[in-house]
Protein chains: 2
Amino acid sequence: MNALPTPLPRKGTLYLVPAPLDFGCDEAPDLQSSMPMGTLLVAARLTHWVCENAKSTRAYLKRVHEITPLTLPIQAQTLLELPREVHKKGDHTGNFDARPLLDAALKGIDMGLVSEAGMPAVADPGSSVVRAAHDLDLSIVPLTGPVSLLLALAASGLNGQNFAFVGYLPQEGAERVQRIRELESLALKTGQTQLFIETPYRNLVMLQSLLQTLQHNTRLAISSGLTLANSSNASASVKQWKQKPVLLNNATPAVFAIGR
Amino acid sequence: MNALPTPLPRKGTLYLVPAPLDFGCDEAPDLQSSMPMGTLLVAARLTHWVCENAKSTRAYLKRVHEITPLTLPIQAQTLLELPREVHKKGDHTGNFDARPLLDAALKGIDMGLVSEAGMPAVADPGSSVVRAAHDLDLSIVPLTGPVSLLLALAASGLNGQNFAFVGYLPQEGAERVQRIRELESLALKTGQTQLFIETPYRNLVMLQSLLQTLQHNTRLAISSGLTLANSSNASASVKQWKQKPVLLNNATPAVFAIGR
């Protein structure tokens, strides 16, 4: 009788695990306010991670454990950090090969990809890992959680059937003004809502730039502190923005949107 | 002594309530797999709704009730449907004034906005209602739930730091080819991932169009059945797509993405 061939091990699945949006904020609302139990149960079951930052991932897992016990103590879990070059240059510009980070999945172990806040690989590092998973023929399962961009878009009252997210605007004055004009022109001409973000403590500077640069009838929406108790979602024409008192927390992450 | 002025009633808040993505699908997974308890608790508390479709909203509320009891029986709730013109023409092109739909909120009653699947006002009707709420100076709170576009983007391995969603492509052959070329050119030139959707039962026709039109090295990602047990997330170069057997459910809603 011939020996049976050794079966190939089933490959692990890569789960894209969202994190709450309160990273770096003073508040830490109940995880279940913005995270489905289905997502928390998968997060609690996984033992191998690729993450933006190991420390914040451990803090997140500690919060998950308070709701549903982890399979393995945090100290015994494997956490691989994305290298600095990916944080800085983006996932694809440096030709970073993330396949070695997924070795455990090739051995049949399910893995999680997680960033500091929100959905990994959306306005955050991680897409190189997802691409590597496709190249290795792993199954990929994105899980539901809060995504600040989409919450902001829904709350903006701007066109949600045609929109773009363009990341950060240039910090330098003249370049920034030029970029704002470019995005406004695109939004007014095509009706495509343009979303962008700013680093904390620069919200008011960004607002000032916008009010100085945009046309009176352009509509501007700003969401900050999404999913937190002190969230705000404002949307009005630039003319109206200039007339009303501005309530904008400079410290919490904000999403800006312009449209018609 | 002068009579005190009658205090103005506190205005109600408009909650943007996501719905599960299984609308029109054979499966109906446990609501808690993709819906945070925080969202379900608000949905169960509300009694006044603006909705895309009253029948599907009632079906959703029935499922919410199985997890956490509704404040008011469904039959006693107030469900106002968005008019057909908004479904057809979009929220803003027809100058539809949604303010009368929010009368209850002016009287201090919290209201919910809900669409048939996913996040209202994102790739779905509802932004006119959100805009009206801003015009009426209501507080607006977007709640977390599944958003197929974002799940698909995360699972694509394509650039998630610069992306656009452009809705449906033209159905007519030559127009469609032209639009696909336009989107590919934009994606390759700027690095901005381009996402779009197709109506059920046209997924395979769309795939054929894409494979016939796109360049070999362009990357194409297709997600279908998101949040369902039989979901699939595939991402590869057009050349690879042409070489491998295509597993794509023609009936479940799909999101397409192209990029480099």
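As the structure is a prediction and not an experimental result, all values here were calculated from the model.

> Looking at this structure, I do not really get the pairing of strand β1 (residues 13-16) of chain A. What am I missing?
Consecutive side chains along a regular strand alternate between the two faces of the sheet. Residues and elements named next belong to chain A. One ladder, built from 4 bridges, connects β1 with strand β5 (residues 139-142); its direction is parallel. Within the sheet, the bridge partner assigned to Thr 13 lies in β5 and is Ser 139. As paired elements, β1 and strand β4 (residues 111-114) share 3 bridges and run parallel to each other. Within the sheet, the bridge partner assigned to Leu 16 lies in β4 and is Leu 113.

> Would you take a moment to explain the domain arrangement of chain A for this structure?
Many authors give the size of an interface as the accessible area that is lost as the parts come together. All names here are of chain A. We note that the domain assignment places domain 1 (13-142) and domain 2 (148-259) within chain A. Computed over C-alpha atoms, the centres of domain 1 and domain 2 are 29 Å apart. Considering only residue class, the side of domain 1 that touches domain 2 consists of 5 nonpolar, 3 polar and 2 charged.

> Looking at this structure, how should I read the packing of helix α1 (residues 37-45) of chain B against helix α2 (residues 54-67) of chain B?
What describes two packed helices is the angle between their axes and the distance between those same axes. All names here are of chain B. The geometry of α1 relative to α2 is characterised by a closest axis approach of 10 Å and an angle of 110° between their N-to-C directions. Taken together, the axes of α1 and α2 are roughly perpendicular relative to one another. Handedness of the α1/α2 crossing: left-handed. Between α1 and α2, the contacting residues are Leu 40, Ala 43 and Ala 44 on the first element and Val 64, His 65 and Ile 67 on the second. Broken down by class, the residue content of the contact of α1 with α2 amounts to 5 nonpolar, 1 polar and no charged.

> Before we go on, may I ask you to explain the sheet that holds strand β8 (residues 219-224) of chain A in this structure?
Strands pair in a sheet through their backbones, by hydrogen bonds, and they do so in one of two ways: parallel or antiparallel. The 10 strands are arranged β9(A)-β8(A)-β10(A)-β7(A)-β6(A)-β6(B)-β7(B)-β10(B)-β8(B)-β9(B) in an open sheet whose pairing can be described as mixed. The sheet terminates laterally at β9 (232-237) of chain A together with β9 (232-237) of chain B, the two strands that pair on one side only. Neighbour-to-neighbour, the strand axes of this sheet turn through a mean angle of 15°, independent of strand direction. Bridge analysis of strand β7 (residues 193-198) of chain A against strand β10 (residues 254-259) of chain A gives 5 bridges, and the strand direction is antiparallel. The residue bridging A:Gln194 from the neighbouring strand is A:Ile258, located in β10(A). Relative to the sheet, helix α6 (residues 148-156) of chain B contacts β6 (163-168), β7 (193-198), β8 (219-224), β9 and β10 (254-259) of chain B, its axis offset from that of β10(B) by approximately 45°.

The rules we used
- Residues numbered from 1 in each chain as written.
- Chains lettered and ligands numbered in written order.
- Predicted model: local features only at pLDDT ≥ 70, side-chain atom pairs only at ≥ 80, totals over all residues.
- Pairing = 2+ DSSP bridges.
- Helix = DSSP H or I, 4+ residues; strand = E, 2+ residues; numbered from the N terminus.
- Domains from an automatic or database assignment.
- Nonpolar A, V, L, I, M, F, W, Y, C, P; charged D, E, K, R; others polar.
- Axes fitted to C-alpha atoms, helices over the stretch in contact; angles between N-to-C directions.
- Parallel < 35°, antiparallel > 145°, perpendicular 65-115°, else oblique.
- Left-handed = near helix turned anticlockwise from the far one by under 90°.
- Contact = placed C-beta atoms within 7 Å.

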